Amino acid sequence: MRSSSNPAFRNLSRGSAASGQYGPNVGFDQRPYGTPQGQGGVPGYGPGQMAAGSADRPMTVDDVVVKTGLSLGTALVFGVLTALWAQTQLVTDALGRVTGMSGPLLGALFGGLIVGLVLSLVIIFGQKASGPLTLAYSAAEGIFLGALSGLFELVYPGIALQALIGTAGVFIAMLVVYKTGAVKVTPKLTKWIVGAVGGVVILMLVNLVTALFFGFNPLRDGSPIAIIFSLVVIGIAAFSFLLDFDQADRMIRSGMPAKWAWFAAFGLMTTLVWLYLEILRLLSYLRD
């Protein structure tokens, strides 16, 4: 399986191959000529196996769509409710000026962030194809993003909806690009995207250190450089969707069990969360 910029998918080939979960690599609804439905095989690996149950049957596109939809729906519900609640949790002075955040809001913001991070590490490094874990991750990210979006809404009214529309637009556009073959996912493109993701992560970490210890924050201060950096990051996140779609496609073609659709949904969710955060940040720069 080709490498991916998404850490969820990057370790997938090792984890799945080691557990013997790969099946026939024959593509969407295709079988070697003369092979009965539900059977197949890869030269040197023996014949494919009939599914023993719904959890063991080969994964399909519909499985990925449904599981991703459930994950997105969970994140949206928790996010919208948290955003509305967050706007009532700010501390104001006698003149109505915001002076801080309430304890519960801080708990929701950092709690959602930490729980989401822990769950993502469990899923990625434990190679867990789990519906409950994926939905719990989506809920935690929804709470974190909702709390953050509620704060942004008070300063920049309407910005959260704009960020949602922008994220959905980029996702749909890249799905069309992938399905039409306008951009082919080649090993060269994959290496470029993986390298670009690694590069921006290093830059973000360096910028964080300089901001914390030296008060120097050139990539996140709303300056022209910060705007250009955000545009570059959004572009890289958008192209990362191509790798996510390709990895999900390969999982389907490999005949992996249906439960692994949850893993594909988790991988897409991580990229969506990253993209939304970066678009929200860019819009705040442009509002200023």
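Up top you'll find the structure we're talking about.
The structure reproduced in this document is the subject of the present report. (Residues numbered from 1 in each chain as written. Predicted model: local features only at pLDDT ≥ 70, side-chain atom pairs only at ≥ 80, totals over all residues. Heavy atoms only, no water.)

Turning our eyes to something else, we now look at helix α8 (residues 224-253). The end-to-end C-alpha separation of α8 is 44 Å, in line with the 44 Å expected for 30 residues at 1.5 Å each. Positioned one or two residues after α8, G255 has a phi angle of 75 degrees, which is positive. (Helix = DSSP H or I, 4+ residues; strand = E, 2+ residues; numbered from the N terminus. Expected span 1.5 Å × (residues − 1).)

What follows is about the packing of helix α4 (residues 103-126) against helix α5 (residues 131-155). Relative orientation of the contacting elements α4 and α5 amounts to 150 degrees, with a least axis distance of 8 Å. Relative to α5, α4 is oriented so that their crossing is left-handed. Contacts from L105, A108, L109, G112, L113, V115, G116, L117, L119, S120, V122 and I123 in α4 reach L133, T134, A136, Y137, A140, E141, I143, F144, A147, L148 and L151 in α5. Residue classes in the contact of α4 with α5 are distributed as 18 nonpolar, four polar and one charged. (Axes fitted to C-alpha atoms, helices over the stretch in contact; angles between N-to-C directions. Left-handed = near helix turned anticlockwise from the far one by under 90°. Contact = heavy atoms within 4.5 Å. Nonpolar A, V, L, I, M, F, W, Y, C, P; charged D, E, K, R; others polar.)

What follows is about a nonpolar patch on the surface. Judged by side-chain polarity, V201, L205, L208, V209, L212, F213, F214 and F216 come together as a nonpolar surface patch covering roughly 890 Å² of accessible area. Relative to the helices and strands, F216 is located in the loop between α7 (187-214) and α8. (Patch = residues over 30% accessible without salt bridge, like charges linked within 9 Å, V, L, I, M, F, W, Y side chains within 5 Å. Areas by Shrake-Rupley, 256 points an atom, 1.4 Å probe, with all protein chains shown as cover. Salt bridge = Lys/Arg side-chain N within 4 Å of Asp/Glu carboxyl O.)

The next thing to look at is the packing of aromatic side chains. Across all of its chains, the model carries nine aromatic pairs by this definition. With 5.8 Å between their ring centres and 50 degrees between their planes, Y178 and F245 make a pair best called tilted. Placement of Y178 in helix α6 (residues 159-180) and of F245 in helix α8 is noted, with a sequence separation of 67 residues between them. Here the two residues Y178 and F245 agree in accessibility, since each one is buried. Aromatic pair F241 and F245: ring centres 6.0 Å apart, planes at 15 degrees, arrangement stacked. Remark: F245 and F241 occur in helix α8; sequence separation between them is four residues, near one turn of the helix. Here F241 and F245 have matching classes, each one buried. Three or more aromatic residues joined by ring pairs make a cluster, and in this case those are Y137, W260, F263 and F266. (Phe/Tyr/Trp six-rings, centres within 6.5 Å; stacked < 30°, edge-to-face > 60°. Buried < 20%, exposed > 50% of the residue type's maximum accessible area, 1.4 Å probe, protein only.)

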